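Next come the chains, spelled out residue by residue.
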Amino acid sequence: MVTAAAARTGEAEQTLVVDLPFPGEGGEAAFSRADIVITGVDHSSISYEVRLFLNNPSADAATPRTPEAGYAGRFTVFGHGGCYGDPGHCDMPSASDDPTDLRPAHPLTPLDTYVTITDPLQRLLADGGALETVTLVPLSMTPSREDRKPAPELLKFQDVSLQTYLTATEADVPPV
Amino acid sequence: MGIRRNASTLSAAEVEALRQSFNAVYGLRDDRGYGYFAGLHGLPLPVYCEHGTSLFLPWHRAYLYFFERALQDQVAEANLPWWDWTSAAAHEQGLPPAYLPSGATAPANPLAAGPVTLSADDLTLVRANLPGAITAGSQPVTRRDPDFPDELPRPATVSRALNSRTFNSFNMLLEGIHNGVHVWVGGAMSAVPVAAYDPVFWAHHSMVDRLWYLWQISPRGVNPPAALLDRPLPPFPMTVRDTLDISTLGYEYAVQVIG
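Residues numbered from 1 in each chain as written. Chains lettered and ligands numbered in written order. Predicted model: local features only at pLDDT ≥ 70, side-chain atom pairs only at ≥ 80, totals over all residues. Heavy atoms only, no water.

(A) Just the overall build of chain B, in detail. Within chain B, the regular secondary structure consists of nine helices and four strands. The C-alpha radius of gyration computed for chain B amounts to 17 Å, which stays within 12% of the reference 18 Å derived for 259 residues, consistent with globular compactness. The principal-axis extents of the C-alpha atoms in chain B amount to approximately 50 × 40 × 35 Å. When the 259 residues of chain B are sorted by exposure, 56% land in the buried category. Once local pairs closer than 6 in sequence are excluded, the contacts in chain B between residues at least 24 apart make up 72%. Roughly 10,300 Å² of accessible area belongs to chain B as shown, and the carbon and sulfur atoms make up 54% of that amount. A distance of 3 Å separates the average location of the 17 positive side-chain charges in chain B from that of its 23 negative side-chain charges. (Helix = DSSP H or I, 4+ residues; strand = E, 2+ residues; numbered from the N terminus. Rg over C-alpha atoms; globule rule 2.2 N^0.38 Å. Buried < 20%, exposed > 50% of the residue type's maximum accessible area, 1.4 Å probe, protein only. Contact = heavy atoms within 4.5 Å. Areas by Shrake-Rupley, 256 points an atom, 1.4 Å probe, with all protein chains shown as cover. Lys, Arg positive; Asp, Glu negative; His and termini not counted. Charge placed at Lys NZ, Arg CZ, Asp CG, Glu CD.)

(B) Expanded view of the sheet that holds strand β2 (residues 8-9) of chain A. Residue and element names in this part refer to chain A. Taken in spatial order, the five strands of this open sheet run β2-β3-β8-β5-β6, and their pairing is antiparallel. A strand with exactly one partner marks an edge of an open sheet, and here the two such strands are β2 and β6 (71-77). Relative to strand β8 (residues 131-140), strand β3 (residues 16-22) runs antiparallel, the two being bridged by five bridges. Looking at the pairing, Leu16 lines up with Leu136 of β8. (Pairing = 2+ DSSP bridges.)

(C) Focus on the state of the cysteines. Taken as a whole and judged by the stated rule, the model has one disulfide over all chains. No disulfide involves Cys49 of chain B; its sulfur sits 13 Å from the nearest other cysteine sulfur, which is in Cys90 of chain A. Among the residues examined, Cys49 of chain B registers a relative accessible area of 7% and is labelled buried. (Disulfide = S-S within 2.5 Å.)

(D) Seen up close, unusual backbone geometry. Residues and elements named next belong to chain B. Of note, the amide linkage connecting Leu43 to Pro44 takes the cis form, showing an omega dihedral of 0°. With respect to the helices, strands and loops of the structure, Pro44 is situated in the loop between α2 (34-41) and α3 (56-74). The omega angle of the peptide bond from Pro234 to Pro235 is 10°, so this bond is cis rather than trans. Relative to the elements of secondary structure, Pro235 occurs in the loop between β2 (232-233) and β3 (236-239).

(E) The side chain of His178 of chain B, seen in detail. Following the sequence through the fold, His178 of chain B ends up in helix α7 (residues 167-185). Take His178 of chain B: its relative accessible area is 0%, and that puts it in the buried class. There is a polar contact of 3.0 Å between the side chain of His178 of chain B and the side chain of His182 of chain B. Here the side chain of His178 of chain B touches His205 of chain B through a polar contact of 3.2 Å, side chain to side chain. Not counting the four nearest positions on each side in its chain, His178 of chain B is found in contact with Phe78 of chain A together with His51, Phe56, His204, His205 and Val208 of chain B. (Polar contact = N/O pair within 3.5 Å; in protein donor to acceptor, adjacent residues only side chain to side chain.)

(F) Main features of the layout of surface pockets. Residues and elements named next belong to chain A. One number sums up the size of the second largest pocket: a volume of about 1,100 Å³. For the second largest pocket, the lining is made up of 41 residues, of which Pro104, Ala105, His106, Pro107 and Thr109 are closest to its centre. Each residue belonging to the lining of the second largest pocket can be placed in one class, and the counts come to 23 nonpolar, 13 polar and five charged. (1 Å grid on protein atoms, 1.4 Å probe; cavity = no way out; pocket = protein on both sides within 12 Å on 5 of 7 lines; lining within 4 Å. Points joined across faces, edges and corners; volume = space filled by probe spheres on them. Nonpolar A, V, L, I, M, F, W, Y, C, P; charged D, E, K, R; others polar.)

(G) Spatial organisation of empty space enclosed by the protein. All names here are of chain B. For the coordinates displayed, the defined rule picks out one cavity of 30 Å³ or more. Approximately 30 Å³ is the volume found for the largest cavity. Around the largest cavity, the lining residues are Tyr65, Glu68, Arg69, Gln72, Leu249, Gly250 and Tyr251. For the lining of the largest cavity, the leading source of residues is α3, giving four residues. Residue composition of the lining of the largest cavity, grouped by class: three nonpolar, two polar and two charged.

As structure tokens, then:
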């Protein structure tokens, strides 16, 4: 697990690069599914998309979404578009340990998401390689397409990890 | 029993009923009207919609149920259609033809844009935070700025979600696909506060709801975890359990209905 603080700015200066060496110290273990899991993702601002590239720390918004470029998938965050209340309205309260507090979670509670990268990772390993880095390329998804641009300021998260599984799961079954 | 049909195969009479129903609720300023229902999703505060949680699918099913009933109170024959954004037609044309602006000489198509009936203060904030989401002026309507049609989700992507074996996994995967369609449409649809003011919001979410239904009746479909079943879905007087069987909600999904 790599915290957001441990991520470094990519060569394009508008991306984040995290070190996720695989196989790791424990050696290579067979897997049938692999996910990049991102927790604590902020969705308070405008919508944005994050593209993931394997072993391509220089990837940026112009990098083609192709296997050759290490492209592994993307996720989209549907944003709340800023705060519309009075001061403090969008401040996240601390998690309550009061069992009588039955109020629902704050609408801006950060979310968790994942991108399944089984095929790109297996391709990488099949060629005798290893995973070293994952580059996160955030792009704003503004209402007007002409305003869309690299937006590192939008991508706020808690941590990112690679999780592999061997048991059969939903992502193992080929699309029908 | 109401039948939700494919938006691309609606008859002329079905499109007309839908347009009449939208025009009717556009004209109502109380809690039967479009502004009331669109506002439940985002602005005006409070924001009720569920995103990034296990309630995403149940909450939006309840939302569509109450809005469709409101349409039918005005035009009994109106049903929410679903926009199959995975179809070959969508990957060539993009938005369903019934939702596109009409020609310069024809009456305005009420499915092409919806009125954004927010307070002056909220409109100011929307224009500042989300430029391009709504039009200018004191009576704004929603804008769109769609991406290339082939950027819409592909059937293989949806199949991966439909292969989920747990509710939470299916809910999360389908929500991610749904997010991509919101930003594909652009304009108001790209942001939570005003997305539901665009009439195509309802066709998009009808597709999402249909996919949940298809997964439910598939061998892999399972109910949400027991701990979720009695969770309320405010502001609707429903729990998650109440949303699970669409036959009890009075609608079903069809590709085409002949005769």
